[in-house]
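The lines below spell out each chain.
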Amino acid sequence: MFEVLQAQDTIWSLTYALCLAVGISRVSILLQSYQARRALSHIPNVGHGGIFTSYITFMQYMKNARSVLWKGFDQYKETGLFKIPQADRWIVIATGDSVEDIRAAPDTSLSLEAAMIDLLQSDYTLGKEIRMDMYHLGIFRGILTKKLPVTCTAMNDEIPLCFKDMIDSQLSSDNDWASIPANDVFTKFICRVMNRTFVGAPLCRDEDYTNINIYFAHHVMFGSTIINIFPDFLKPIVGALFNKISGLQKRIVAHVGPLIRERRAVEAAGKEKPDDMLSWLMDAAPAGHQSVESLSLRLLNVNFMALHTTAMTFTHAVFHLASKTEYIGLLRTELEQELGTNDPQRWDKEKIERCWKLDSFLKESQRLNGLGAFSLPRKSLTPYRFSNGCEIPAGTTIAASPVIAHLDPTIYDDPSTFDGLRFYKLRESAVTQSGMDTPDEIKYRLTSTGAGYLGYGGGRHACPGRFFAALEIKLIFAYLILNYDVRTEVEGVRPDDLWFGPVCTPSRSGKVLFRRRVTV
Ligand code: HEM
């Protein structure tokens, strides 16, 4: 009996402690939010602006971020800035010329790194040592893009094998349509093809290695959302509770450790290491980052940056293709003309880049269905004055919104309609008017950035992996179009995206039907 009472006491104590923590946390967040609201009072807000009532707008935003953002844009497009409430802060949204200001601002004023520390709670989710030395950025900005011809060959080798294992294995002998769960299969597919150029075969095909990389991204997104519910002074405690880095690091070391040791032995024998991401990391890692543990964690982070962004972009595009099958024929004709053969071993970067219709189709898909409501996230490190004269104090989070820019009728004709050849036509007419390789033509390419196209951010921090990602997506798309027919379960109907607050993912349950190519 005594033990039961004691146990009940303990449960009550824990409950009180939890309520107290939540209570302190709410009060502290309200205080934080009140201070931030005063500092930003000169910037108009969407919906309710009161210390309590702003939570109503926050809830509306969590339910439908796009409509809240568009309401702000409609009301305040002339000012170029408005703010929306988050659980623990306000975010200032830049539109029009203010987007150009963010793109051009130096890191000492508007910092992507500081914004990511806040938004991703990177010290607890990615590992503090990653931001202590970001040497991987040099690899993305330099070697990865220079080595595209090498990665192209490796990916062309892996892609048919992936299709054989993941798609052909599901097809029946009478070539009926097979239903493929798009999100799961394509994430693994992208992970394997990408890792062929990160760690090589056979590790890129290892199921456990793939699962760790996929899980790591979920852990980062889930962990950062939970940690961000708490006020700053509780974040280290909650962060420590949610920190799964050391466990994941051990699991990845089990796969990558032997490879690193093997490559060191190869090097010591005066031979060449494989030409891939792991070797580039080994060569670039400064003192203090050379251990097997450190290199493995870095590789996990490289996968985090590269994998889900590419997998989601690819899945969005396949949903477009499968629901708009009228594009299959014209993309096939272009691919057959430009690639000249169905054998991926004989495709190269130059040939695939000549496929302008494919380039345009993928850019249009990304314009309408991207990664979410925000791009160009930055935190002001000092007071920052926009070109319209408006100043934000140090510590303000700001961003631009693809949901606004990509649907702005002053930038795009008939913006909400999917036109797979939109950018192809604009590019062709730019060539007629200004010529090839002119800024007018370049701006309509898939990998080009601008204030009207935010799929890869912009300015000095524009995604450095975009040339690699675009190449991977194009090569897989080319193989898919030349070898398979696809359609959606309900013909012509694209599975709905999943929105949670500002984050957008392609449908988790959506299927794509595949069969071996029958139609011409
Ligand atoms: C289709 C796939 C991808 C999309 C849509 C995408 C999108 C983005 C966006 C929107 C940004 C923010 C840029 C800004 O704020 O200005 C970004 C940054 C970044 N991306 Fe990507 N990304 C993709 C693939 C990749 C890949 C494959 C890699 C690596 C191999 C990569 C590495 C990075 C890095 C390191 C940054 C931060 C750059 C910096 O700190 O300067 N991304 N990406």
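Think of each chain on its own: its residues are numbered from 1, step by step along the sequence as written. Restriction of local features to residues with pLDDT of at least 70 applies here, the model being predicted, together with a cutoff of 80 or more for giving and counting side-chain atom pairs; totals for whole chains, interfaces and linings are based on all residues. Values reported for side chains reflect all heavy atoms of the structure, with hydrogen atoms and water molecules removed beforehand.

For the chain, the name recorded in an unreviewed UniProt entry is Cytochrome P450, with Marasmius oreades as its organism.

Engineer: Can you walk me through the packing of aromatic side chains in this structure?
Structural biologist: In this description, a pair of aromatic rings is defined by centroid distance and the angle of the planes. Each pair of aromatic rings taken from Phe, Tyr and Trp, with Trp reduced to its six-membered ring, is defined by centres within 6.5 Å and is described as stacked if the planes are under 30 degrees apart, edge-to-face if over 60, and tilted in the remaining cases. All chains considered together, the criterion is met by 20 aromatic pairs. On the numbers, 5.3 Å between centres and 70° between planes, the contact of Phe 361 with Phe 418 is edge-to-face. Of the two residues, Phe 361 sits in helix H17 (residues 356-368) while Phe 418 sits in the loop between helix H18 (402-405) and helix H19 (422-434), which places them 57 residues apart along the sequence. Assigned by exposure class, Phe 361 and Phe 418 land together as buried. Numbering of helices and strands starts at the N terminus; helices are DSSP runs of H or I of at least 4 residues and strands are runs of E of at least 2. Think of it in three bands: with a 1.4 Å probe and only protein chains considered, a residue is buried below 20% of the maximum accessible area for its type, exposed above 50%, and partly exposed in between.

Engineer: How should I be thinking about the pattern of salt bridges in this particular structure?
Structural biologist: Two side chains bearing opposite charge may form a pair once their charged atoms approach each other closely. Basic side-chain nitrogens of Lys or Arg form a salt bridge, by our definition, when they fall within 4 Å of a carboxyl oxygen of Asp or Glu. Per the counting criterion, the structure on display carries 31 salt bridges. Close ionic contact of Glu 364 with Arg 367 constitutes a salt bridge, the shortest N to O distance being 2.8 Å. Taken as a pair, Glu 364 and Arg 367 lie in helix H17 at a separation of 3 residues, close to a single helical turn. Both residues of the pair, Glu 364 and Arg 367, count as buried. Three or more residues are tied together by salt bridges with common partners; here these are Asp 157, Glu 158, Asp 165, Arg 192, Arg 196 and Arg 205.

Engineer: Hey, could you run me through the pairing of strand E8 (residues 397-400) in this one?
Structural biologist: Moving residue by residue along a regular strand, the side chains alternate between the two faces of the sheet. On E8, burial covers both faces: Thr 397 and Ala 399 on one face and Ile 398 and Ala 400 on the other are all buried. Strands qualify as paired when DSSP identifies two bridges or more between them. Relative to E8, strand E5 (residues 375-380) runs antiparallel, the two sharing 3 bridges. Note on E8: the bridge partner recorded for Ser 375 is Ala 400.

Engineer: For this particular structure, what's the right way to read the sheet that holds strand E9 (residues 484-488)?
Structural biologist: Think of a sheet as strands paired side by side through backbone hydrogen bonds, with each pair either parallel or antiparallel. The sheet built from 3 strands is open, its strands ordered E4-E12-E9 with antiparallel pairing. The sheet is open, and its two borders are formed by strand E4 (178-181) and E9, each paired with just one other strand. On average, adjacent strands in this sheet sit at an angle of 35° to one another, irrespective of strand direction. With 4 bridges joining them, E4 and strand E12 (residues 511-516) adopt antiparallel strand pairing. Residue pairing across strands places Ile 180 opposite Val 512, the latter belonging to E12. Note on contacts: a residue pair is in contact if any heavy atoms of the two residues lie within 4.5 Å. Whenever a helix is involved, its axis is fitted only over the stretch in contact; in every case the axis is a line through C-alpha atoms, and angles between N-to-C directions fall within 0 to 180 degrees. The strands touched by helix H9 (residues 182-198) within the sheet are E4 and E12, with E4 carrying the most contacts at an inclination of about 70°.

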